[in-house]
Amino acid sequence: MLSYQHAYHAGGPADVHKHIVLAELLARLTEKPRGLSYVETHAGRGLYDLAAPEAAKTGEAAAGIARLAPDAGTPFGRALAAARAAGGASAYPGSPLVAKALLRPQDRLTLMELHPAEHAALKATLATDGTAIHRRDGFEGALALAPFAPRRGLVLVDPSYEVKSDYAAAAAFVRRLVARWPEATVLVWYPLLPAARHHALRAGLAPLAVAFDEAPFAVPPARGMTGSGLALVNAPHGSAAAFAAARRQTAGILAP
Ligand SMILES: C[S@@+](CC[C@H](N)C(=O)[O-])C[C@H]1O[C@@H](n2cnc3c(N)ncnc32)[C@H](O)[C@@H]1O
């Protein structure tokens, strides 16, 4: 199913939670000089315009990035400043651009996005810099290409959860991925919904070493998603500090 479009949700509280944790993890993983493979299974278009009709229609960014003034000295602040320098004051970086702002020449990005228009936009944003961008199913592609080189790696799994079975499918994918690529750290984003569908994801990840970071939104919406969750499999050294730093930075949009 490809009916989901991330432009309606860019810069919302869940997006900001995911992107700040991602930035904090990448900052720590790039402290060592050895190269890193960074992989995304569901990349989106990379760069969003919060003044676009899609973002204006939901107004989600008003409960997210619009409530924060990220410090330019933080990893996410650097990525946001880079996106705004390239796309103007209403620009917001998707996860590929957050990663791009923080990775180094010795690191390697591989991005998968299935939707034709999103894939084309992603290529237009990142194609000229050596990033590998595939139009293919993210789970199939990552499993086919794993293990990646360099073997140190971070994989972001960020599906749109359009059907109930997506939660168990995401967990099954992660189990297969780490069996094939044991050195990989995997960050999985998921929504907290009144129906608590994420319990299937948590149960599916239970056989693995996993840390969770879940938070309700500070401004609860009238209906739908009530909070944001992240699961970190094979958490690297410094992950607890990364989660704590992200919580400090998201204090205005996530409840404690
Ligand atoms: C939640 S969005 C990704 C947002 C992005 N990771 C970010 O944080 O900026 C999910 C994306 O997955 C894409 N998608 C849906 N099904 C897919 C599949 N089977 N494989 C790869 N991408 C898919 C959608 O088109 C959408 O762009």
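Note that the coordinates shown come from a computational prediction; the quantities given were computed from them, not determined experimentally. (Residues numbered from 1 in each chain as written. Predicted model: local features only at pLDDT ≥ 70, side-chain atom pairs only at ≥ 80, totals over all residues. Heavy atoms only, no water.)

1. Observations regarding the sheet that holds strand β1 (residues 37-40)
Reading across the sheet, the seven strands line up as β5-β4-β1-β6-β7-β9-β8 and stay open at both edges, with mixed pairing between neighbours. For this open sheet the edge positions go to β5 (132-134) and β8 (210-216), each flanked by a neighbour on one side alone. This sheet shows a mean twist of 15 degrees between the axes of neighbouring strands, independent of strand direction. For strand β6 (residues 153-157) and strand β7 (residues 184-192), the ladder comprises five bridges, and the chain directions are parallel. Bridging across to β7, V157 finds its partner in V188. This element, helix α6 (residues 138-145), spans β4 (108-112), β5 and β6 of the sheet and lies at about 145 degrees to β4. Its contacts with the sheet place helix α7 (residues 166-180) against β6, β7 and β9 (227-233), and it is angled at close to 175 degrees to β7. (Pairing = 2+ DSSP bridges. Helix = DSSP H or I, 4+ residues; strand = E, 2+ residues; numbered from the N terminus. Axes fitted to C-alpha atoms, helices over the stretch in contact; angles between N-to-C directions. Contact = heavy atoms within 4.5 Å.)

2. Here we look at the packing of helix α3 (residues 75-87) against helix α4 (residues 95-102)
Two numbers describe how α3 lies on α4: the axes approach to 9 Å, and their chain directions differ by 110 degrees. As summarised for this structure, α3 and α4 are arranged roughly perpendicular, according to the angle between their axes. On the side of α3, the interface is formed by P75, F76, R78 and A79, while α4 contributes L97, V98, A101 and L102. The class makeup of the residues in the contact of α3 with α4 is seven nonpolar, no polar and one charged. (Parallel < 35°, antiparallel > 145°, perpendicular 65-115°, else oblique. Nonpolar A, V, L, I, M, F, W, Y, C, P; charged D, E, K, R; others polar.)

3. Details of helix α5 (residues 116-126)
The periodicity of an α-helix, 3.6 residues per turn, causes residues three or four places apart in sequence to face the same way. Of all the positions in α5, only E118, H119, A121, L122 and L126 are classed as buried. Here the buried residues of α5 occupy an arc of 165 degrees about the axis, which is enough to place them on one side. Elements that come into contact with the buried residues of α5 comprise β2 (47-49), α4, β4 and β5. (Buried < 20%, exposed > 50% of the residue type's maximum accessible area, 1.4 Å probe, protein only. Arc of directions from axis to C-beta.)

4. Describing the pattern of salt bridges
Counted according to the given criterion, the structure contains nine salt bridges. R28 is the salt-bridge partner of E24, the closest N and O atoms lying 2.7 Å from each other. Taken together, the residues span about one helical turn, with E24 and R28 both in helix α1 (residues 13-29) at a distance of four residues. Overall, E24 belongs to the buried group, its relative accessible area being 5%. (Salt bridge = Lys/Arg side-chain N within 4 Å of Asp/Glu carboxyl O.)

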